[in-house]
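Tertiary structure, described
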Amino acid sequence: MTGLPDLIGLLYRADWTRLSLSGELRAEYGPEPPPPPPPLPRSPRKYRSRWYRDWPGQRQDNDRYVGHGALLIGSGGRWRLVCPDPGRGAGGEAAEGNDGEHVWSWRPLEMGGPAPLPVRENGTYLPVPELFCPSRLLGGYTLEELGPVTVAGRDAIAVAATPRRDALGFRPGRQAYDRVEVAVDAELGILLRRIETSAGELVTLTELTDVTMDPLEAADPARFAPRPGSHLGDAKGEKPGVSGPVWAAANLAAGGLGALTRYLPNWPGRGAPAEQPEAIPSPDPAPLGLAGGSPPPDEVLELLYRSGEPQVLSATARQWLDFAAVARPMSEEMRAGGGGFASLLDTVTSVMNVTRTEARLRVSGPDRYRLDYSARPRPVDATTISCDGERCWRVFQDWIAVGPATSLREPIVSLAESSWLLRLGLSGGAELTYRGRPARQLRVTSSGGEQVLGLLMSFPADAIVDAETGCLLRLLCYTDDTLAIWSELDDISTEPIDPDEFQVHVPPGTRIVEATGNVITDAVAAIPGVKGTAARAAAEAVNRTVGAVSAARSFWDDLRGHR
């Protein structure tokens, strides 16, 4: 048994780009049950992160499918994956890979449709994300070491991973399984086998059935060259130009959102100049240097991992956001597309400056929280959001939305735990004292990795993590050389909280609106008069358009270069 800290470090430091190997892949899968609906319509992205999502499989007697593939990985991130089509004989196979300059994908014409590019995770096109991106198990899962095993002729560690509700109800993503059992290569940290189950029934099995380290063919660059007629992409994972029917639908939705903002009163930035902070504070201590560093030590990785466990926490949350700096990288690309997105950017950036948010946050496990705002950019937004485990209240100036218990989705609450940082590139981990509390300072880097809208939207970033609770005492997000977002927690306490503090007592005569769970619909539900009617009509149009986009594909995937 290696122990949890060693296991966390092994999973986090796994780096397939430094490997040279060949192996046979096998997957067993069936139709996945639909995931629970999100607050906004989104594409189900069925099998999007599966290596076999566009490969042919052999149907079995039990109506499940089995797919096979031959994988070759060379130095410098080169790789090739070839999957035969059981019904087409010799030559009827599909392939994809990375030759170091281009990522490519090739399909026989008989398979129909253009060949999509491989799956992209953390800014890199991966051969088999389920096996070669093991750090995804560190944020949002509870790990249990089961013991040593041998898989594909290699020593491994059997581990069970159970999706958990993190401190504020965050999950690792919508999935069709409730348990994952993996075999972690004891030397390399990659996964040799991954078994997903739901209520004890097999959902998906992905495994390497044979592994050869440092094969001779991996040293031949010609082995990774794209086939003639392949769909080529940028191996560095740079964003493609925005175009196509999905972009057109998304552009239409953005036009609707731009129109919707004109009906929303008190849009951020419309207050008097004196109400706007002059600038984001100057950081002290300064962010870590730009030079690449080694991953944090195991004890820091374990601190981040354990921060996602349910905990009792009270703190003051603050944020300064320079919206113009955040929007700058996308402005040129969006404006080139014209239409709805150009209109939306013009509407938003014309009225936004540096905004400041402050609130008192209290948490006592999943679905029991309270957030009381003392400063928000828009007076029209909720002043209190509270949940007692059964009901959720959102208190506005002259009305209250009441609905069933739900996770707290306000971006600023992501500061209360840091396990989600384990899905990103981290370095540093030096000890320091920040505002009287022992802490660790980290540099956060990733191009195309996990983002938290309104909190961490670009890289690099600088994080100071509390050494006791694992919460984020400070998180700085940069756009180029400009500090775009400063978020922090202060006045931290871990004392027990009276359960009555999570209830909201509604004064007699207060207007009550039933919450639907749809962010756009709920945002305009209580706007009175003609403006309210127009806003609800615009919201309905946006919901319909976003639904059409989701049916085709999530347009954010298009922007972030998944295809």
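Every residue gets a number counted from 1 within its own chain, in the order that chain's sequence is written. At least 70 in pLDDT is required for a residue's local features to be given in this predicted model, at least 80 for side-chain atom pairs to be given and counted, and no such filter applies to totals for whole chains, interfaces and linings, which use all residues. To get the side-chain values, take all heavy atoms of the structure and skip hydrogens and water.

Another point: the overall build of the chain. When its secondary structure is counted, the chain shows 9 helices and 26 strands. We call two residues in contact when some of their heavy atoms are within 4.5 Å. In the chain, of all internal contacts separated by at least 6 residues, the share reaching a separation of at least 24 is 66%. As displayed, the chain has an accessible area near 24600 Å², and 52% of this comes from carbon and sulfur atoms. Only DSSP runs of H or I with at least four residues qualify as helices, and only runs of E with at least two residues qualify as strands; both kinds are numbered from the N terminus onward. Note on areas: Shrake-Rupley with a 1.4 Å probe; residue coverage comes only from the protein chains shown.

This part takes up the packing of aromatic side chains. Aromatic rings from Phe, Tyr and Trp, with only the six-membered ring used for Trp, were paired whenever their centres fell within 6.5 Å, and each pair was classed as stacked if the ring planes differed by under 30 degrees, edge-to-face if by over 60, and tilted otherwise. Applying the stated rule across the entire model yields 3 aromatic pairs. Aromatic pair Tyr29 and Tyr65: ring centres 5.9 Å apart, planes at 15 degrees, arrangement stacked. Taken together, the residues span a long stretch of sequence, with Tyr29 in strand E1 (residues 21-29) and Tyr65 in strand E3 (residues 65-73) at a distance of 36 residues. Note on Tyr29: relative accessible area 8%, which makes it buried. Type-normalised accessible area, obtained with a 1.4 Å probe on protein chains alone, sets the label of each residue: buried when under 20%, exposed when over 50%, and partly exposed for intermediate values. On the basis of relative accessible area, Tyr65 is assigned to the partly exposed category, the value being 28%.

Should a side-chain nitrogen of Lys or Arg be within 4 Å of a carboxyl oxygen of Asp or Glu, the pair is scored as a salt bridge. In the structure shown here, the tally under the stated rule is 32 salt bridges. Measuring nitrogen to oxygen at the nearest pair gives 2.5 Å for the salt bridge that ties Arg13 to Asp298. A residue pair is termed long-range when its members are at least 10 positions apart, and Arg13 in helix H1 (residues 4-13) and Asp298 in helix H4 (residues 298-306) qualify at 285 residues. Residue classification places Arg13 among the partly exposed residues on the basis of a relative accessible area of 36%. Each of the salt bridges in this network shares a partner with another, and the network as a whole consists of Arg318, Arg356, Glu358, Arg435, Glu488 and Asp490.

With that settled, the discussion passes to H4. Taken together, the buried positions of H4 are Val300, Leu301, Glu302, Leu303, Leu304 and Tyr305. On the buried face of H4, the contacting elements are H1, strand E9 (141-151), strand E21 (425-434), strand E22 (437-445) and strand E23 (461-466).

Another point: H1. Of all 10 residues making up H1, 7 are buried, and the element is well covered by its neighbours. Within H1, burial applies to Leu4, Leu7, Ile8, Gly9, Leu10, Leu11 and Tyr12. Residues of H1 that are buried sit in contact with E9, strand E10 (154-163), strand E11 (179-185), strand E12 (191-198), H4 and E21.

This brings us to the environment of Arg360. Turning to its location among the elements, Arg360 is positioned in strand E16 (residues 354-364). Look at Arg360 and you get partly exposed, because its relative accessible area is 27%. C-alpha separation for the pair Arg360 and Asp490, spaced 130 residues apart in sequence, amounts to 9.5 Å. There is a polar contact of 3.3 Å between the side chain of Arg360 and the backbone oxygen of Asp491. N or O atoms closer than or at 3.5 Å make up a polar contact, with two conditions inside protein: a donor-capable atom paired with an acceptor-capable one, and, for residues adjacent in sequence, both atoms drawn from side chains.

This brings us to the confidence of the model for the chain. Confidence in the prediction of the chain, expressed as mean pLDDT, is 78, and 68% of residues score 70 or more. A residue's pLDDT is the confidence the predictor assigns to it, expressed on a 0 to 100 scale. Looking over the chain, one finds the lowest element-wise mean pLDDT in helix H9 (residues 555-559), namely 40, and the highest in E11, namely 96. A low-confidence stretch, residues 238-247 stays under pLDDT 50, and its non-local contacts, those more than four residues away or across chains, total 20 contacts.

Let us look at the pairing of strand E25 (residues 482-493). E25 sits mainly inside the fold: 9 of its 12 residues count as buried. A pair of strands is considered paired only if DSSP assigns at least 2 bridges between the two. Note: strand E15 (residues 312-322) against E25, 7 bridges, orientation antiparallel. Residue Thr316 lies in a different strand from E25, and its bridge partner there is Asp490. Of the pairings in the sheet, the one linking strand E24 (residues 472-479) to E25 comprises 6 bridges and is antiparallel in character. Pairing of Leu475 across the sheet is with Ser487, part of E25. If you look at the hairpin formed by E24 and E25, you'll find 2 residues sitting between the two strands, and Asp480 has a positive phi there, around 55 degrees.

Turning next to the pairing of strand E13 (residues 201-213). On a regular strand, each side chain points to the face opposite its neighbour's, so the side chains alternate between the two faces of the sheet. Bridge count for E1 against E13 is 9 bridges, and the pairing is antiparallel. In the sheet register, Gly23 faces E13, and the bridge partner there is Val211. Examined bridge by bridge, E12 and E13 share 6 bridges and lie antiparallel to one another. In the strand pairing of E13, Thr197 is matched with Leu202. Where E12 hands over to E13, the hairpin turn is made up of 2 residues, of which Ala199 adopts a positive phi near 55 degrees.

Once that is clear, we can look at unusual backbone geometry. Cis geometry marks the peptide bond from Asp284 to Pro285, where omega comes out at 10 degrees. Here Ala152, not a glycine, exhibits a phi torsion of approximately 55 degrees, which is positive. With respect to the helices and strands, Ala152 occurs in the loop between E9 and E10. The class for Ala152 is buried, based on a relative accessible area of 19%.

Read across the sheet, 12 strands follow the order E21-E22-E23-E24-E25-E15-E16-E17-E18-E19-E20-E26 without closing on themselves; strand pairing throughout is mixed. In the strand order of this sheet, the two ends are held by E21 and strand E26 (511-514), each with one partner. Strand-to-strand twist across the sheet, computed as the mean angle between neighbouring axes with direction ignored, equals 20 degrees. Of the pairings in the sheet, the one linking strand E17 (residues 368-375) to strand E18 (residues 384-388) comprises 5 bridges and is antiparallel in character. Within E18, the residue paired with Leu371 across the bridge is Ile385. Sheet strands in contact with H4 are E21, E22 and E23, and its direction is about 95 degrees off that of E22. Note on geometry: axes are lines fitted to C-alpha atoms, helical ones only across the stretch in contact, with angles between N-to-C directions running from 0 to 180 degrees.

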